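Examination of the molecular architecture
Residues per chain are reported as follows:
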Amino acid sequence: MPAKFVVVLGSIMSGLGKGVVSSSIMKILDMYDFKVLPIKFDGYLNYDCGTMNPYRHGEVFVLDDKGEVDMDFGTYERFLNRSLTSSSSITGGKLFGSIIEKERKGEYLGEDVQVIPHLTNEIQERVKDFAEKNKLDFVVIEVGGTVGDIENGYFIEAMRQLSLKEKVVFVDVTYIPRLKTVGEQKSKPTQSAFRTLMGMGIIPQFLICRTDGEMSDSIRKKLAMFTSLDESRVINDPDMDSPYQLPQYLIDQNFDKILLQAFNLPKKKINLEKLEKWKSNVDKIISRDGKEVTIAVVGKYVELKDSYVSVREALMHAAGKLSVNLNVKWIESESLEKSDPNSILKGINGLIVPGGFGKRGIEGMITAIKYAREKGIPYLGLCLGMQLMAVEFARDVCNLKGANSTEFDPDTKYNIIDILPSQLSVKQKGGTMRLGAWDMLIKDRNSIAFSSYHKAVVSERHRHRYELNNKFRKILQKNGLKITATTKDNNLVEIIEWPSGFGIATQAHPELKSRIEAPSPLFLSFLDAVKKQQLTI
Ligand code: GLN
């Protein structure tokens, strides 16, 4: 059976949650035991997300295969509970790069190379190749950006052309605003967005309508009338407590059955076991049972919550599993340098310092780590959070005054954290960090690391240029810091732990592999330690 394609577009404005809609559609198809994977189109001319500022673009998500991709990939993986590859990410940069390479090789000899057909053919070939190689029943294609943008126009045109040859269903995610003064939902923007799409030769078969609160019946009727769609294909997607609720919400509106009909597929039963498992995990996340705990995340990009989505989600997965009522306090690290840190950190039950780059806010993070260590507050450090845990320990326990990472103080006498030797010759910025999945070896069986993972060889994803300087291993260990995991060849330190209390940090980014159906082991032990400490208070 050749693969079928669901193409998810977004109208009116960005930020409507196309990634969540695409993920939910995939989850539903997976619940019908179809083999489904995503493709994401991004119109920007960067090759990938690796060189983008998280403040502008949100978190850079890293895949096992070293791909630095859009944060929507995190959503896909968390919903699908499987690891994806870079071949799912098609960017303007990748496309133009390969078109120019082919042109230089003479592959288009005699032709003038154009958006149509060369670029649009390249897109269709990649999509079809992907479906074939992975032997898929369905590909869910999310078109980044908003309909009407110049950037994604060639992707949309390519999908129109694909729909002439293959089975394609277009889904438009749109916005129904509510005018505060009249308190009424408005359909007009969606009506004109639909006309824009029809002008591009595309007729969506579903409208997924983002609303605050339930969509009124009259709006549904009006939209159905103006778009010639059956009312059952005008689907509501209201604001929810958790994005993980959307698959069930779509199923409740019969979206699953109508989608299969749209592909002329025979009736099929949903895999109830998968559905129930998903539902029970989601219920645990939204029920917010148990005692409330406040976890402080001290980072430099906290103003844009999307910068740390995977950390937030990993915490949520663990909280659901452990029945912890999670409250996350996002703290801008520079604020700890400017105001009294004690008053800002007072009352927190656990601390996380996540990944980051550059000097700004570093001292604030170190202050927070010292506070947690001295007060016996559980600490989890992620990548930069491990490097700074080592720096704080060197300064305050080993008495190495001015210890630092050469990323922040190139002249420090005690370069506890230093550039990876393999990075010294690297000149290019894009895709050159230590990236992707790497094995680590947990050597100490009496460690938090071992009791979290319950095995000695563990694979986590990485994205860094600096590392713990091996010259300082001895002095750190002599003063009690535990090095509980390293690379198999013992060259790089992967996990460190405080001598007492709960303090663990890793050079990896375990948050990237946390899934609702498989929470990250380190986040689980961290939150479990917080929970246990809370119960004794
Ligand atoms: N800036 C640090 C490094 O490059 C940490 C990176 C990170 O936290 N992802 O090593």
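Note: the structure precedes this text.
Let me sum up the structure you'll find in this document.

Rules of the game
The residue numbering used here restarts from 1 in each chain and proceeds along that chain's sequence as written. Reporting in this predicted model follows two pLDDT cut-offs: at least 70 for local features of residues, and 80 or more for side-chain atom pairs to be given and counted; totals over whole chains, interfaces and linings ignore these cut-offs and use all residues. Calculation of side-chain values draws on the structure's entire complement of heavy atoms; hydrogens and water are dropped beforehand. Relative accessibility thresholds used throughout: buried, under 20% of the residue-type maximum; exposed, over 50%; partly exposed, between the two (1.4 Å probe, protein chains only). The helix count covers DSSP runs of H or I at least four residues long, the strand count covers runs of E at least two residues long, and both are numbered beginning at the N terminus. Should DSSP find at least two bridges between two strands, the strands are taken to pair. Near, as used in this document, describes a residue that has one of its heavy atoms within 4 Å of the molecule or strand being considered. Throughout this description, a polar contact denotes any pair of N or O atoms lying within 3.5 Å of each other; where both atoms belong to protein, one of them has to be capable of donating a hydrogen while the other can accept it, and for residues adjacent in sequence the pair is counted only when both atoms sit in side chains. For the area figures, the Shrake-Rupley method with a 1.4 Å probe applies, and any residue is considered shielded solely by the protein chains shown. Think of it as three bins: nonpolar holds Ala, Val, Leu, Ile, Met, Phe, Trp, Tyr, Cys and Pro, charged holds Asp, Glu, Lys and Arg, and polar takes everything else, Gly as well. Expected helix span is taken as 1.5 Å per residue step, with the number of steps being one fewer than the number of residues. Taken from the helix axis, the directions to the C-beta atoms give the arc we talk about. By definition in these notes, contact holds between two residues if any of their heavy atoms fall within 4.5 Å. Every axis corresponds to a line fitted to the C-alpha atoms, with the helix fit spanning only the stretch in contact, and the corresponding angles, defined between N-to-C directions, vary from 0 to 180 degrees.

1. Details of the pairing of strand 21 (residues 482-486)
Burial within strand 21 is extensive, with four of its five residues counted as buried. In the sheet, strand 18 (residues 434-442) pairs with strand 21 via two bridges, with the strands oriented antiparallel. Counterpart to Ile-442 in the pairing with strand 21 is Ala-485. Hairpin remark: strand 21 followed by strand 22 (residues 493-497), antiparallel, with six residues in the connecting loop; positive phi at Asn-490, about 70°.

2. Observations concerning the site of the ligand
Looking at the ligand, the residues that line it are Gly-355, Gly-356, Phe-357, Cys-383, Leu-384, Gln-387, Glu-407, Arg-463, His-464, Arg-465, Tyr-466 and His-509. Here a nitrogen atom of the ligand and a backbone polar atom of Arg-463 are 2.8 Å apart. The separation between an oxygen atom of the ligand and a polar main-chain atom of Arg-465 is 3.0 Å. Protein chains bury 98% of the 300 Å² of accessible surface belonging to the ligand in isolation. Contributing elements (two or more residues each) for the shell around the ligand: helix 16 (384-396) and strand 19 (457-464). Partitioned by chemical class, the residues of the shell around the ligand number four nonpolar, five polar and three charged.

3. A word on helix 11 (residues 272-287)
Compared with an ideal rise of 1.5 Å per residue, which puts 16 residues at 22 Å, helix 11 spans 22 Å between its outermost C-alpha atoms and is within 8% of the ideal. Every buried residue belonging to helix 11 is among Leu-275, Trp-278, Asn-281, Val-282 and Ile-285, and all of these are buried. Take helix 11 and look down its axis: the buried residues cluster within an arc of 135°, on one side only. The exposed set on the far side of helix 11, more than 90 degrees from its buried face, consists of Leu-272 and Glu-273. Packed against the buried residues of helix 11 are helix 1 (18-31), helix 3 (72-80), helix 9 (246-252) and helix 12 (309-322). You can read the cap of helix 11 off the contacts: a side-chain oxygen lies 3.1 Å from the backbone nitrogen of Glu-273, and it is on Asn-271. Immediately downstream of helix 11, the backbone of Arg-288 shows phi near 50°, a positive value.

4. Quick look at the sheet that holds strand 14 (residues 350-353)
With mixed pairing, the nine strands of this open sheet are ordered in space as 13-12-14-15-23-22-21-18-19. For this open sheet the edge positions go to strand 13 (325-332) and strand 19, each flanked by a neighbour on one side alone. On average, each strand axis in the sheet is inclined to that of its neighbour by 25°, with strand direction left out of account. Contacts from helix 16 reach strand 14, strand 15 (379-382), strand 19, strand 22 and strand 23 (503-506) within the one sheet, and its direction differs from that of strand 15 by about 120°.

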